[in-house]
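A look at the structure
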Amino acid sequence: MFKLTFRSYTITLLFGIAIGVSLFFLWGASSEDKDEPNEIVPSGFFGNLRIFKTEVDSFSGTVEGLLIADGNNPLVAIAKDASDRIVRIAFIEDTGEEMRTLAKATLEDGKINLISVPAQNGEGGFVVHRGKNDSWGFAEYLSKPDPYGEYYCDIDFDSQFDGMAINNKREVLASAIFLNGKWVDALVCVLRESRAMLEIESGYAEYKFEKDKGWIKTKEVNRKMSQ
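Residues numbered from 1 in each chain as written. Predicted model: local features only at pLDDT ≥ 70, side-chain atom pairs only at ≥ 80, totals over all residues. Heavy atoms only, no water.

**What to know about the overall build of the protein chain**
Check the secondary structure of the protein chain and you find one helix and 17 strands. Residues classed as buried in the protein chain amount to 40% of the 227 residues present. Counting only contacts in the protein chain whose residues sit at least 6 apart along the sequence, the fraction spanning at least 24 positions is 28%. Counting only carbon and sulfur atoms, one obtains 52% of the accessible surface of the protein chain, whose full area is about 13,000 Å². (Helix = DSSP H or I, 4+ residues; strand = E, 2+ residues; numbered from the N terminus. Buried < 20%, exposed > 50% of the residue type's maximum accessible area, 1.4 Å probe, protein only. Contact = heavy atoms within 4.5 Å. Areas by Shrake-Rupley, 256 points an atom, 1.4 Å probe, with all protein chains shown as cover.)

Below, the structure written as structure tokens:
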């Protein structure tokens, strides 16, 4: 019962993370009227850059924004919310067939709190978050835009992934943590809470991730006690 409860919670959490990341990758930018844009300043006001109002598409709907273009080539899209606060910035390009996002960022309290770089083939990508102490951390890599495929996480942003999961559309097929220089299979891997549970000979061992230390064992649970 103990094992089943934590496994179900892990599956739910990992799929929630994957869905959140994949939705963020879907956010792009477009102008509905490229021929006659609503320019704020005359063309060529700042070198050859043009700045005009447009509508920016996001996973939450269409919002008002600005589009900065090099001549007729779009470069940057900036979106605001209903209270006129800038909430997203995206670097984009027009391939001739679609408006493609090269990188994007979200803002909170006037600071960039998340940066995303989607894969150029349209699948998956990389996301890094700003922590409470203004340090960058919790870097995530997702191999697919949908909630399945390979998912890796670098909790303390030190260039070493600390946890991973492989999902299909229905369940977590495998999860692991990077412990003592190697990947070790995990029964539970709740990366958002920096904790994991491994199976050991006597039962289960709980681990907590600590910055500059890695995964630290915090508790052992006898198999008979968990039944």
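**Let's talk about the sheet that holds strand 14 (residues 188-190)**
With respect to topology, four strands assemble into an open sheet ordered 14-15-16-17, the strand pairing being antiparallel. Of all the strands in the sheet, just strand 14 and strand 17 (214-222) have a single pairing partner and so form its edges. Mean inter-strand twist for the sheet, computed between neighbouring axes without regard to direction, equals 20°. In this sheet, strand 16 (residues 203-210) lies alongside strand 15 (residues 195-200) in antiparallel orientation, the contact comprising six bridges. Bridge pairing in strand 16 places Met197 opposite Glu206. (Pairing = 2+ DSSP bridges. Axes fitted to C-alpha atoms, helices over the stretch in contact; angles between N-to-C directions.)

**Some details on the packing of aromatic side chains**
According to the stated counting rule, one finds five aromatic pairs in the structure shown. Aromatic side chains Tyr152 and Phe161 sit 5.4 Å apart centroid to centroid with 45° between the ring planes, which places their arrangement in the tilted category. Here the aromatic rings of Phe209 and Trp215 are separated by 5.4 Å at their centres, their planes lie at 75°, and the arrangement is edge-to-face. Ring-pair connections join several aromatic residues into one group, and the members of that group are Tyr141, Tyr152, Phe161, Phe178 and Trp183. (Phe/Tyr/Trp six-rings, centres within 6.5 Å; stacked < 30°, edge-to-face > 60°.)

**A look at the pattern of salt bridges**
Scanning all chains against the criterion turns up six salt bridges. Measuring nitrogen to oxygen at the nearest pair gives 2.7 Å for the salt bridge that ties Arg195 to Glu193. Of the charged contacts, one joins Glu220 and Lys217 as a salt bridge, the two residues approaching to 3.0 Å between their closest N and O atoms. Its relative accessible area of 47% is what places Glu220 among the partly exposed residues. (Salt bridge = Lys/Arg side-chain N within 4 Å of Asp/Glu carboxyl O.)

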